[in-house]
Amino acid sequence: MPDDLVCIGALAGAFGVRGEVRLKSFCADPEDIADYSPLCTEDGSQSYTISLTGVAQNGFTARLGGITTKEQADALRGLRLFARREQLPSLPDDEYYHADLIGLTVLDTGGQTLGTVKSVMNHGAGDLLEIHDPGLKDSVLLPFTLAVVPTVDLATGRIIADPPDGLF
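What counts as what
- Residues numbered from 1 in each chain as written.
- Predicted model: local features only at pLDDT ≥ 70, side-chain atom pairs only at ≥ 80, totals over all residues.
- Heavy atoms only, no water.
- Helix = DSSP H or I, 4+ residues; strand = E, 2+ residues; numbered from the N terminus.
- Buried < 20%, exposed > 50% of the residue type's maximum accessible area, 1.4 Å probe, protein only.
- Lys, Arg positive; Asp, Glu negative; His and termini not counted.
- Salt bridge = Lys/Arg side-chain N within 4 Å of Asp/Glu carboxyl O.
- Polar contact = N/O pair within 3.5 Å; in protein donor to acceptor, adjacent residues only side chain to side chain.
- Pairing = 2+ DSSP bridges.

A. Quick peek at unusual backbone geometry. In this model, Ser37 is joined to Pro38 through a cis peptide bond whose omega is 0°. Position of Pro38 relative to the elements: it lies in the loop between strand S2 (20-25) and strand S3 (39-40).

Right, dumping it as structure tokens:
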């Protein structure tokens, strides 16, 4: 995936019979996804104009440029949509795009490697970093709070964590 692309949405299938889609937005203000139109596929080979047409459960209904049938819309189910990084607003110092955190090395406050960030999740109570390492039996979910993760250094690709006792 090109470094200048950030995933900001995904298609959840067709809505109705006239080519509309169900669209999940990963933007902080979900309706902002339409402001970044056109959005492209992960490899940048295709792009789609987006116009929101309504609200659906867990997202929006939308029209994609060139998609006019239910079958075309269904074929795009699961497609992730990307915007160019320069289109997105710059973030305050204590906020990060999930794409920038994935793959970073996580160290404890003593400099020992805990693992790498596999994914960023949010189940309603705040963000969690899924940490994976060959030495771990299972992935570990680390709360992404200032108390537990005091330092994120994108330039060096490292996160310093102070996990609760017994987590690792």
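B. Region of the structure containing the side chain of Glu130. Within the secondary structure, Glu130 sits in strand S10 (residues 127-132). Nearest to the buried, unbridged Glu130 among oppositely charged side chains is Lys118, at 4.0 Å. There is a polar contact of 3.2 Å between the side chain of Glu130 and the side chain of Ser139.

C. Geometry of the pairing of strand S11 (residues 140-143). A one-sided burial pattern is seen for S11, the buried positions being Val140 and Leu142 and the unburied ones Leu141 and Pro143. With 4 bridges joining them, S10 and S11 adopt antiparallel strand pairing. Along S11, the bridge assignment pairs Ile131 with Val140.

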